[in-house]
Amino acid sequence: MHIEENVSLASLNTFGIEVKAKYFVSIYNESDLLELLKLPLWKSQPVLILGGGSNILFTRDFDGIVVQSCIKGLEIQEENESEVWLRVGAGESWHGLVMHCVDKGWGGIENLSLIPGTAGAAPIQNIGAYGVELKDVLESVDGVHLEQGTHLHLSAEECQFGYRESIFKHQLQKIFFISSITLRLTKRNHILHTEYGAIHDVLERRNIRTPGIRDVSDAVISIRRSKLPDPAELGNAGSFFKNPTVSDVVLERLKRAHPAIPYYPFDNQQFKIAAGWLIEQCGWKGKRIGSVGVHVNQSLVLVNYGRANGKEILQLANSIQRDVEQRFGITLKMEVNIF
Ligand code: FAD
Ligand code: NAP
């Protein structure tokens, strides 16, 4: 285990923000992490766990220890004729994992193709796309409680998953290092989710009437490539804001004032409103201010056109929040983690 000092994080966050970590250490196994916890340095510094940096906005240098999650490994825990339980090291690439499962014919995460980042970060916001969320396939999470120095095993229920939510954003925020996740995947009788219009359209265009998991994954990849900016070319962290949910009463008020507002039924008589549409209606789509802007194809994605700093991106996000609040009376919550 090697602790470096004054390390640039520019290549380790997909916004490409140039900031430095006072200390930086990569963790390849749990025993190294437990050793780290015993060091006097550990007790005196703030800590930031870093995966692929694809859901983070740095607004300043990090004056503490950045712990990079690099634990690797894919291991079948159990299998029968119809299902497989796969344990995945936190430092594995999420998309690499999806491709591995598609190649093996294991179903459940094909809709989550091409999401950047690591497997270990997937439970943090219960990653989701095209009608599937991590919680649909997650069996359990293993990791280390950083204050107690103990290994913890959490069942899916204990992770308290919600829409882009989990216990790791609340009670266990910043004090739990996820070292592996275990997924339960199907080997046959896959349940495919093709209800999102874009997937449906691609399959129809390709004349695929009885799709398999690879067809769905291919469709998702082609939609995402056509629509979303590649962080390697244009700095971004995906959707900056969460889609808000509102009660039926609020929805009726919104529909009266804005008949075209897109909404989707959600849990507990709540409705999900497309945040991208709200932002677009406020005139932000494709708008650029200096080095920062709102992506031309997708209003939920804020981009770094060059040498922006994190504070400029945060200012843009705050302006968008203010306009949406004024026009629709809805407060957009940030999905990206701000440091
Ligand atoms: P990071 O950004 O490094 O970290 C995110 C948070 O998790 C931080 O708070 C960090 O401290 C914490 N964390 C990371 N690893 C660990 C660990 N091992 N233990 C404990 N805490 C940890 N998200 C979606 O949900 N759906 C999408 O469709 C989607 N599409 C995207 C498209 C693009 C182009 C981009 C850039 C992002 C997209 N995202 C999407 C957001 C992002 O990719 C996911 O949230 C991803 O899971 C973040 O993984 P990461 O390893 O990069 O995490
Ligand atoms: P889209 O298909 O243009 O749809 C706009 C919004 O409407 C989405 O946010 C989606 O909610 C919702 N929606 C659309 N069809 C729906 C349906 N049949 N049922 C329920 N909700 C529906 O969205 P997009 O921006 O191109 O993104 C496509 C998918 O990729 C979405 O699931 C999105 O979450 C995911 N994505 C996420 C990120 C991220 O960083 N979090 C980045 C890019 C894409 P949901 O978002 O709840 O699905």
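So, a few notes on the structure that sits alongside this text. (Residues numbered from 1 in each chain as written. Chains lettered and ligands numbered in written order. Predicted model: local features only at pLDDT ≥ 70, side-chain atom pairs only at ≥ 80, totals over all residues. Heavy atoms only, no water.)

### Regarding the overall build of the chain
In plain terms, the rule: Secondary structure is summarised from DSSP: a helix means a run of H or I of at least four residues, a strand means a run of E of at least two, and numbering begins at the N terminus for each. The size measure is the radius of gyration over C-alpha atoms, and the globule rule it meets is 2.2 Å times the number of residues to the 0.38 power. Burial classes follow relative accessibility: with a 1.4 Å probe on protein chains only, a residue under 20% of its type's maximum area counts as buried, one over 50% as exposed, and anything between as partly exposed. In what follows, residue pairs with any heavy atoms lying within 4.5 Å of each other are defined as contacts.
Helix and strand counts for the chain stand at eight helices and 20 strands. Over its C-alpha trace the chain gives a radius of gyration of 21 Å, about what one expects of a compact globule, namely 20 Å for 339 residues. Seen through its principal axes, the chain has C-alpha atoms that stretch 60 × 55 × 40 Å. Relative to its 339 residues, the chain shows a buried fraction of 49%. Contacts spanning at least 24 positions in sequence make up 61% of the contacts within the chain whose residues lie at least 6 apart.

### Considering the side chain of Thr59
Threshold: In protein, a polar contact requires one atom able to donate a hydrogen and another able to accept it; more generally it is a pair of N or O atoms within 3.5 Å, and residues adjacent in sequence count only if both atoms are side-chain atoms.
For Thr59, the location among the structural elements is in the loop between β4 (56-57) and β5 (62-69). Note on Thr59: relative accessible area 10%, which makes it buried. At 2.6 Å, the side chain of Thr59 forms a polar contact with the backbone oxygen of Phe339. Not counting the four nearest positions on each side in its chain, Thr59 is found in contact with Gly310, Lys311, Leu314, Ile338 and Phe339.

### Looking at the site of ligand 2
Put simply, the rule is: Only heavy atoms are used to decide nearness, and a residue is near a molecule or strand if one of them lies within 4 Å of it. All residues other than Ala, Val, Leu, Ile, Met, Phe, Trp, Tyr, Cys, Pro, Asp, Glu, Lys and Arg, Gly among them, are scored as polar; the first ten of these are nonpolar and the last four charged.
Residues in close proximity to ligand 2 total 17 residues, the closest being Tyr163, Tyr196, Lys227, Lys272 and Gln298. Between Tyr130 and ligand 2, the recorded distance is 2.8 Å, taken from a backbone N or O atom to an oxygen atom. Contributing elements (two or more residues each) for the shell around ligand 2: β8 (128-129), α5 (213-227) and β13 (235-239). Partitioning the shell around ligand 2 into residue classes produces seven nonpolar, five polar and five charged.

### Looking at the nonpolar core
Test applied: By nonpolar core is meant a set of buried Ala, Val, Leu, Ile, Met, Phe, Trp, Tyr and Cys residues that side-chain atoms within 4.5 Å join together.
Of all hydrophobic cores here, the largest spans 43 residues; its most connected members are Phe240, Leu278, Ile320, Val324 and Leu332. With six residues, the single largest contributor to this core is helix α8 (residues 310-328). With residues near it in sequence (within four places) discarded, Leu278 still touches Pro244, Ile261, Ile273, Val324, Phe328, Ile330 and Leu332.

### Some thoughts on the sheet that holds strand β2 (residues 20-27)
For the record, the criterion: A pair of strands is labelled paired if DSSP reports no fewer than 2 bridges between them. Simply put, an axis is a line fit to the C-alpha atoms, just over the touching stretch for a helix, and the angle between two N-to-C directions goes from 0 to 180 degrees.
A sheet is described by the order of its strands in space; here four strands give the open sequence β1-β2-β5-β3, paired in mixed fashion. With one partner strand each, in any of the chains shown, β1 (4-8) and β3 (47-50) form the two edges of the open sheet. Along the sheet, successive strands turn relative to each other by an average axial angle of 40°, direction set aside. Sitting on the sheet, helix α1 (residues 30-38) touches β2 and β5, and the angle it makes with β2 is about 135°.

### A closer look at the packing of helix α4 (residues 197-205) against α5
Which entries qualify depends on this criterion: Just so you know how the angles are binned, under 35 degrees is roughly parallel, over 145 roughly antiparallel, 65 to 115 roughly perpendicular, and the rest oblique. Each helix crossing is assigned a hand: it is left-handed if the near helix lies turned anticlockwise from the far helix by less than a right angle, otherwise right-handed if that turn is clockwise.
Packing of α4 against α5 leaves a shortest axis separation of 9 Å and a crossing angle of 110°. Relative to α5, α4 is oriented roughly perpendicular. α4 and α5 meet at a crossing whose hand is right-handed. Within the contact between the two elements, α4 uses Ala198, Ile199, Val202 and Leu203 and α5 uses Asp215, Ala219, Val220, Ser222 and Ile223. Each residue belonging to the contact of α4 with α5 can be placed in one class, and the counts come to seven nonpolar, one polar and one charged.

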